[in-house]
Every structure is written in structure tokens, then in C-alpha cells.
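# A look at the structure
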Amino acid sequence: MNERLHSVLAQRGVSPESLAELCEVDPKTVGRWLGGRVPHPRHRFRAAQHLRVEESFLWPAPQPRATKPTAALGSELIGTYENRASVPRNMWLTLLQEAREQIEVLVFSGTFFAQSNPHVAEMLAERAADGVRVRLCFGDPGGQAVAIRGREEGIGDTLAAKIRASLTYYRPLLPETGCEVRLHDTTLYTSLFRYDDHLLVNPHVWGRPASANPLLHLKRADVAGWFDNYAQSFEAVWATARPWTPDQEGTAAHGQD
């Protein structure tokens, strides 16, 4: 049942017969649309235009699913996504909410992490209050690694600005026990998002934004493997990163203007 199409037709006062006439199809065809069948693209366009709504609202794209890896790819790899943007938002939320020991993030800006979840800082603080260790590591907006990455992506100083904007979401975490935020100046080959024994690995393709690159979902196995290798790389970067101090960061940014 397409509840959204039912609702919009009722709100607009448009009968199924009128919609069928507009789209030049049989009324029974509209009945099948109401029952859940997806119309032909040209019919979707005309119907949405007439009903004054976004086509994607009436017929959302199917929820992306992780592809199941073959046994040859290792038992730790439990899912892959064509790009980070296709990972369902609900999965990010569930992993965060279910973490019991540690949450670790290694990114340059991680803008999507907060923009897709306006309550991310509050949720992280709640996890920390329950004993979860929260460690967030962002790129140093004044560092060489961020400057190089900005040039490679063709966005110049925009990446540094995105990092500063992203950091503002996490200022409330600084006084929280169990929460740490640091800045790194290392070449970031992979963005990492760890929730206990689950690790989302977002490899970087040269010149492309992280959101457009593939994502691997790993689950830690009993023997050392991919998971531990990536976990160790996080520890190596974390050890060289400096604590984020917003006041000093603001002063540095002001001095560069």
C-alpha cells in the first residue's frame, strides 16, 4: 500500500480517476500504484508534478542493502556498500546506541556525522555516561594534511572550513568524562567508525570526497585480521594527535584571516 500517494490524493482533492486521466493510463493502473506498484518514470514525473510534491516523496528509492561478501573475502567482512552515502541512517544510529565499551571516529571533517543526526553530541554524552569511552579524531584545519587533501579534491580551503564547522557540534562533549576530541595532521587513507566490535571502514579514493567512496562493514573475529589492523591504525594516529582546544583554535583561525 502506498500510503503517501493515498494521503496526497486526499489532501489535494484529486480522485484516482482524475490522476489516471492526467497520466493517460487506465484507472486500474492507478489502483495498482495505490497498492504499491511503482509507475513508469514518465508517469511518476507527471503525477508528482500535478500533485505538487517531490517524486521521491511518493516513490522513495529502495533502502540500500549491504551486499554479502564471499567466504574468500574473510569472515570479518559482513557487508559492503557502494559508497558511504548509501549506508542507511538507521544503521549509524543503532550502532551508536548499542555500543557498550567504545566509540571511535577518525575523519577529516565528518560533517555528515552530525548533520545526519542533530542529537549526535547528546547521544555520545549519554553513551559516555554509561561507561562507553568516546574518542573523536578530526583533521587539524590548520595542518598540512588537510591543505593537501583540499587541493586534491579541488575544494581548496573549504575542507578546513568544514572541519571548523563540524567541530562546533562537539564542543559540549569536552567537559564530559569519558569523551575526548583530538586533531590529527596525518595523511588519512581511510575514515574509521568503530562501535565495540563493529567497524565501518571508508577507504579514500584520490580526489573524491569520502561520501562517494566505498564502505566496508567489519565485525571483529576471534583471530587477528582486518579489524585489528584498522584498530591499530586508529591508535597510531590518536597517539600523535593533539587535544582540541576551541579557544586556541579560534585564535589560530583569527590570526590566519
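Residues numbered from 1 in each chain as written. Predicted model: local features only at pLDDT ≥ 70, side-chain atom pairs only at ≥ 80, totals over all residues. Heavy atoms only, no water.

## A closer look at empty space enclosed by the protein
The tally for this structure, following the rule as stated, stands at 2 cavities of 30 Å³ or more. What lines the largest cavity is Arg89, Trp92, Leu93, Leu96, Phe112, Phe113, Ser116, Asn117, Val120 and Tyr195. Among the elements of the structure, α6 (89-98) and α7 (111-115) are those that each provide at least two residues to the lining of the largest cavity. Element by element, the count of residues in the lining of the largest cavity is highest for α6, at 4 residues. Residue classes in the lining of the largest cavity are distributed as 7 nonpolar, 2 polar and 1 charged. What the second largest cavity holds in volume is close to 30 Å³. Counting only elements with at least two residues in the lining of the second largest cavity, the list comes to β5 (190-195) and α11 (226-240). Grouping the amino acids of the lining of the second largest cavity by side-chain chemistry returns 4 nonpolar, no polar and 2 charged. (1 Å grid on protein atoms, 1.4 Å probe; cavity = no way out; pocket = protein on both sides within 12 Å on 5 of 7 lines; lining within 4 Å. Points joined across faces, edges and corners; volume = space filled by probe spheres on them. Helix = DSSP H or I, 4+ residues; strand = E, 2+ residues; numbered from the N terminus. Nonpolar A, V, L, I, M, F, W, Y, C, P; charged D, E, K, R; others polar.)

## Concerning the packing of helix α9 (residues 144-153) against helix α10 (residues 158-167)
Orientation of α9 relative to α10, taken along the N-to-C sense of each, is 125 degrees, at an axis distance of 8 Å. Comparing their axes, α10 and α9 come out oblique. Between α9 and α10, the residues in contact are Val146, Arg149 and Gly150 and Leu159, Ala160 and Ile163, respectively. A class-by-class count of the residues in the contact of α9 with α10 yields 4 nonpolar, 1 polar and 1 charged. (Axes fitted to C-alpha atoms, helices over the stretch in contact; angles between N-to-C directions. Parallel < 35°, antiparallel > 145°, perpendicular 65-115°, else oblique. Contact = heavy atoms within 4.5 Å.)

## Some points on the pattern of salt bridges
Under the criterion given, the structure shown has 11 salt bridges. Its salt-bridge partner being Glu104, residue Arg194 comes within 4.0 Å of it at the nearest N-O pair. Of this pair, Arg194 sits in strand β5 while Glu104 sits in strand β2 (residues 102-106), and the two are 90 residues apart along the sequence. We note a salt bridge from Arg182 to Glu180, for which the minimum N-O separation is 3.4 Å. Relative accessible area serves as the criterion here: at 30%, Glu180 is assigned to the partly exposed category. By sharing partners, the salt bridges in this structure join Glu104, Arg135, Arg194 and Glu235 into a single network. (Salt bridge = Lys/Arg side-chain N within 4 Å of Asp/Glu carboxyl O. Buried < 20%, exposed > 50% of the residue type's maximum accessible area, 1.4 Å probe, protein only.)

## Looking at the sheet that holds strand β8 (residues 242-243)
Taken in spatial order, the 8 strands line up as β1-β7-β6-β5-β2-β3-β4-β8 in an open sheet, and their pairing is mixed. Either end of the sheet is taken by a strand with one partner, and the two such strands are β1 (77-81) and β8. Where β1 and strand β7 (residues 215-219) come together, 4 bridges link them in antiparallel fashion. Residue pairing in the sheet places Gly79 in a bridge with His217 of β7. The sheet contacts of α11 involve β1, β2, β3 (133-139), β4 (179-184), β5, β6 (198-203), β7 and β8, and relative to β3 the element is tilted by about 70 degrees. (Pairing = 2+ DSSP bridges.)

## Brief notes about the confidence of the model for the protein chain
Averaged over every residue, the pLDDT of the protein chain is 86; the share at 70 or more is 91%. In the model, residues 250-257 has pLDDT below 50 throughout and makes 3 contacts with residues more than four positions away in sequence or in other chains. (pLDDT = per-residue confidence, 0-100.)

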